[in-house]
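Spelled out from the first residue to the last, the chains are:
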Amino acid sequence: MRYHNITKEDMLNGDGLRVVLWFAGCTHHCKNCQNPITWDPEGGLPFDEEAKVEIFEELDKDYISGITFSGGDPLYMETREGLLELIKEIKEKYPKKTIWLYTGYLWEEIRHLEHIPYLDVVVDGRFVEELKDNNLPWKGSSNQRVIDVKMTLELGKIVLYA
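The paragraphs below set out a description of the structure included in this document. These numbers come from a predicted model, not from an experiment.

## A few points about helix H1 (residues 49-59)
Among all positions in H1, only Ala51, Lys52, Ile55, Phe56, Glu58 and Leu59 are buried. Seen from one end, H1 has its buried residues packed into an arc of 155 degrees, which puts them on one side. The exposed set on the far side of H1, more than 90 degrees from its buried face, consists of Glu49 and Glu50. Against the buried residues of H1 lie strand E1 (2-10), strand E2 (18-23), strand E4 (66-71) and helix H2 (80-93).

## Quick notes on the pairing of E4
For E4, the buried fraction is high: six of the six residues fall into the buried class. With six bridges connecting them, E2 and E4 associate as parallel partners. From the neighbouring strand, Arg18 faces E4, where its bridge partner is Gly66. After leaving E4, the chain enters H2 and then returns to the sheet as strand E5 (residues 98-102), a path that is right-handed.

## A word on the pairing of E5
Here E5 lies mainly inside the structure; four of its five residues are buried. The sheet contact formed by E4 and E5 spans four bridges and is parallel. Bridging from a neighbouring strand, Gly66 pairs with Thr98 of E5. Where E5 lies against strand E6 (residues 121-124), three bridges are found, and the strand directions are parallel. By the bridge assignment, Tyr102 is partnered in E6 with Val123.

Parameters at a glance
- Along each chain, residue indices are assigned from 1 in the same order as the chain's sequence is written.
- In keeping with the model being predicted, local features are shown solely for residues with a pLDDT of at least 70 and side-chain atom pairs are shown and tallied solely at 80 or more, while totals for entire chains, interfaces and linings include all residues.
- Excluding hydrogens and water, the side-chain values take into account all heavy atoms of the structure.
- Burial classification: accessible surface area is computed with a 1.4 Å probe over protein chains only, and a residue below 20% of its type maximum counts as buried, one above 50% as exposed, and the rest as partly exposed.
- Labels follow the DSSP assignment, with helices taken as runs of H or I lasting at least four residues and strands as runs of E lasting at least two, numbered in each case from the N terminus.
- The reported arc concerns the directions from the helix axis to the C-beta atoms and nothing else.
- Contact between two residues is taken to exist if any of their heavy atoms lie within 4.5 Å; hydrogens are not considered.
- The rule for pairing is simple: two strands pair if DSSP sees at least two bridges between them.
- We call a crossover right-handed when, viewed with the strands running away from us, the connection from the first strand over the helix to the second turns clockwise.

Function-wise, these values are silent; they only describe arrangement.
Encoded structure:
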């Protein structure tokens, strides 16, 4: 598992003040992606204990709402196993912090993954340049959905996060 950056005290990638882990690796290659440097799965840095400590130091702060996984695509096939381990550890250590995940996959393609019940919000769908709208909260194009995972699983139908 590789990553490009850890952003601290971010207000753009989810609700509240967050830490963001930007993964390396993406096969979607959306036109005019804001992070094409993250497409290369061999780019960035190996995710190691030092990176995990850096994230946990941020999550230890009371005013940090949670963590957001972005990239690249956190659900890039070669990242999934390491991501699942990290998500489980975060949920166990910080049960009150929220976990958001941005992915180019659609909910219908990923809802079966073991990761899903641990997440609070999934922003799904590829960025589509023609549907770009800078006024949309937490997403780049109008086709993307900001999904409330807990309510969606509970009700058995997609519930958008408000």
